Amino acid sequence: MRHVPRAAPGQQSCSVDELRTLFLFEKLNDEQLAWLCREGHIEQIEPGPVYREGDPATCFYVLLEGVIVMSRRVGGEDIEVRRMSERGIYAGAFNAYLDRAPQVYNSSLRVTVPSRFFVLEARAFAQLMRDWFPMAVHLLDGLFFGSQNTQQVIGQRERLLALGALSAGLTHELNNPASAAIRAASALRERVAGMRNKLGLIAAGPYDRAALVALIRLQEDAADRVSKAPALTPIEASDREDAVSAWLEDHGIAGGWDIAPTFVQAGLEPGWLDQVAASVDGEILEGAVRWLNYTVETELLMNEIEESANRISALVGAAKQYSQLDRVPFQVVDVHELLDSTLTMLSGKLGEQITVLKEYDRSLPRVPVYAAELNQVWTNLIDNAVAAMNGVGTLTVRTGRDGDRILVEIADTGPGVPPEIQERIFEPFFTTKPVGEGTGLGLDISWRIVVHKHHGDLRVQSIPGDTRFQVRLPLTTPEPEHTEGVD
């Protein structure tokens, strides 16, 4: 659709002499300048909008006099990008000669004072570029789309590297409980075999019915106490083990130092062992104690297997939450679940020298988001924070409400982002890491996911020791996206 100026735009014919004074046209010859005057015109525009972001790009504008303001749409708001008054600056359909580029305005333009422009239709500007500068068009075409393709390829590579790192971390996290479960199962097999052997000895031994009934009652009580055993400090555990060992030694039971830790872990003290001594004859006391020791050990080992299995299940659940397997791309979620699953997936990378603080506002409502892509944002921001702290410091994940949006902050105690580069860190390919260690796309991808995909806002506040990446997401459903999809 052809751009339609506002009412009474005040169009005029242009002058070759005036065009020659603009740096953009100073190298053109008289014939070329005359062609521009025939195809274009001078337009006087009063204060107000000239064109809006996303509209069909129909005209190429060159400022002759006045003041222009360029802005971008971010999270439902127009954010001023540049304010300029220099003669010869241009805007509008300056990519019209690129056939594969989307022919829409990529920003909004308004004037703050009455301003004069040289205006050329996009069709004419495209013809000019292809006829007068064919080689330049080929070079610019290659640069524009080559950069896009490079960005896509490197972005895919970066996601694969991140996935590899996450997979390695998840494998490590799964290996610990799996190994613990295998060890516990092996030990349990030995204890059950011992119990079978001890049961045979009991059956052949001098146990009367009353003693067996008492022993079974004590066995059930011991098993019940295992699940209720209190957590002890190392000093408390050591003191109780000494007391149980002394009791066993006083009652003629050898190897008490080996049995005592098991009883203490199950919450059994000398007072409980006194009940055992009172329930059975002295000649069978040692056999009864060792039988009860087998019972306690099997309960502890089964608890360990259960805890390991639960840990594995929780890790698999976190992985599913993180990857959003079997879930629709767009859904209403609790943002804290996404943050927790990302922290779980990255736990191997965080290490023991990084303290993680969670300051969650649990009153926040569920929000409509592209969950898997938001997890990629959290991953990039947390990964950057860990790298900035060089593996030592405090990572704070904070949530709250900011007007009609939710606020998520990823904060670190690293050296901070220098003020001179804070405005550039979201640019594609910009990185402060050494060559080969960073692609410079992590924050660019995050910015596009938050801003373009969710109509939110991503910014950074940084001083040494306190760097905060702030993500603001609307509480309502984002409008359908009109820009290119996020890679």
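Model, not experiment: these values are computed from the prediction. (Residues numbered from 1 in each chain as written. Predicted model: local features only at pLDDT ≥ 70, side-chain atom pairs only at ≥ 80, totals over all residues. Heavy atoms only, no water.)

With that settled, the discussion passes to the confidence of the model for the protein. Residues with a pLDDT of 70 or more make up 75% of the protein, whose mean pLDDT is 77. Predicted confidence in the protein is weakest over helix α4 (residues 134-204), with a mean pLDDT of 65, and strongest over strand β14 (residues 405-412), with 94. Per-residue pLDDT stays below 50 along residues 1-9; that stretch engages in 19 contacts with residues further than four places along the chain or on separate chains. Scored below 50 in pLDDT, residues 434-441 shows 16 contacts in the model against residues more than four places distant or in partner chains. (pLDDT = per-residue confidence, 0-100. Helix = DSSP H or I, 4+ residues; strand = E, 2+ residues; numbered from the N terminus. Contact = heavy atoms within 4.5 Å.)

This part is about helix α6 (residues 234-250). The terminal C-alpha atoms of α6 lie 24 Å apart, and with 17 residues this matches the ideal 24 Å at 1.5 Å per residue to within 8%. Residues of α6 that are buried include every one of Ala-237, Val-244, Ser-245, Trp-247 and Leu-248, and no others. For α6, the angular spread of buried residues about the axis comes to 160 degrees, placing them on one side. Exposed side of α6, more than 90 degrees from the buried face: Ile-235, Glu-249 and Asp-250 are the residues found there. Just past α6, the residue Gly-252 takes up positive phi, approximately 70 degrees. (Expected span 1.5 Å × (residues − 1). Buried < 20%, exposed > 50% of the residue type's maximum accessible area, 1.4 Å probe, protein only. Arc of directions from axis to C-beta.)

So, about the packing of aromatic side chains. For the structure shown, the criterion picks out 7 aromatic pairs. A centroid spacing of 5.8 Å and a plane angle of 85 degrees characterise the contact between Phe-25 and Phe-118, whose relative ring orientation is edge-to-face. Separated by 93 residues along the polypeptide, Phe-25 in the loop between α1 (16-20) and α2 (30-39) and Phe-118 in strand β9 (residues 115-121) bring together distant segments of the chain. On the accessibility criterion, Phe-25 (6% relative accessible area) is buried. Judged by centre distance (5.8 Å) and plane angle (35 degrees), the ring pair of Tyr-51 and Tyr-61 falls under tilted. Of the two residues, Tyr-51 sits in strand β3 (residues 48-51) while Tyr-61 sits in strand β4 (residues 59-65), which places them 10 residues apart along the sequence. Members of the aromatic cluster, connected to one another through ring pairs, are Tyr-51, Tyr-61, Tyr-105 and Phe-117. (Phe/Tyr/Trp six-rings, centres within 6.5 Å; stacked < 30°, edge-to-face > 60°.)

In this section: the pairing of strand β2 (residues 41-45). Judged by how many residues are buried, β2 sits mostly within the fold: 4 of 5 residues are covered. As judged from the 2 bridges shared by strand β1 (residues 11-12) and β2, these two strands associate in the antiparallel manner. Residue pairing in the sheet places Gln-11 in a bridge with Glu-43 of β2. Here 5 bridges tie β2 to β9, and the two strands are oriented antiparallel to one another. (Pairing = 2+ DSSP bridges.)

You can see Thr-467 is positioned in strand β16 (residues 466-474). We classify Thr-467 as buried; its relative accessible area is 3%. Only 2.8 Å separates the side chain of Thr-467 from the side chain of Ser-462, close enough to count as a polar contact. Residues within four places of Thr-467 in sequence aside, it is in contact with Ile-410, Ala-411, Asp-412, Gly-416, Val-417, Val-460, Gln-461 and Ser-462. (Polar contact = N/O pair within 3.5 Å; in protein donor to acceptor, adjacent residues only side chain to side chain.)

Here we come to unusual backbone geometry. One non-glycine residue with positive phi stands out, namely Asn-390, at about 55 degrees. Residue placement: Asn-390 occurs in the loop between α12 (371-389) and β13 (393-402). Judged by relative accessible area, Asn-390 falls into the exposed class, the value being 69%. A positive phi angle, close to 55 degrees, is found at His-455, a residue other than glycine. One can find His-455 in the loop between α13 (442-453) and β15 (457-463). By relative accessible area, His-455 is classed as partly exposed at 24%.

A separate point is the pattern of salt bridges. Under the definition given, this model contains 17 salt bridges. In this structure, Glu-409 and Arg-468 form a salt bridge, with 3.6 Å as the shortest nitrogen-oxygen distance. With Glu-409 in strand β14 and Arg-468 in strand β16, this residue pair connects regions lying 59 residues apart in the sequence. Its salt-bridge partner being Asp-457, residue Arg-459 comes within 2.4 Å of it at the nearest N-O pair. For Arg-459, a relative accessible area of 39% gives the class partly exposed. Classification of Asp-457 by relative accessible area gives buried; the value is 8%. (Salt bridge = Lys/Arg side-chain N within 4 Å of Asp/Glu carboxyl O.)

Our next topic: the sheet that holds strand β11 (residues 354-359). Strand order in the open sheet formed by 5 strands is β11-β13-β14-β16-β15, and the pairing between neighbours is mixed. Two strands in the sheet have a free side with no partner beyond their single neighbour: β11 and β15. Geometrically, the sheet is characterised by an average inter-axis angle of 15 degrees between neighbouring strands, direction not taken into account. Strand direction decides the pairing type here: β11 and β13, joined by 6 bridges, are parallel. Note on β13: the bridge partner recorded for Lys-358 is Val-397. (Axes fitted to C-alpha atoms, helices over the stretch in contact; angles between N-to-C directions.)

Attention now goes to the side chain of His-41. Tracing the backbone shows His-41 in strand β2. Among the polar contacts listed, one links the side chain of His-41 to the side chain of Glu-43, at a separation of 3.0 Å.

Glancing now at the sheet that holds strand β7 (residues 90-92). Across the sheet, 5 strands lie side by side as β1-β2-β9-β4-β7; this open sheet has antiparallel pairing. In this open sheet, the two edge strands, each paired with only one partner strand, are β1 and β7. Against the sheet, helix α3 (residues 122-132) contacts β4 and β9, and its axis sits at roughly 70 degrees relative to β9.

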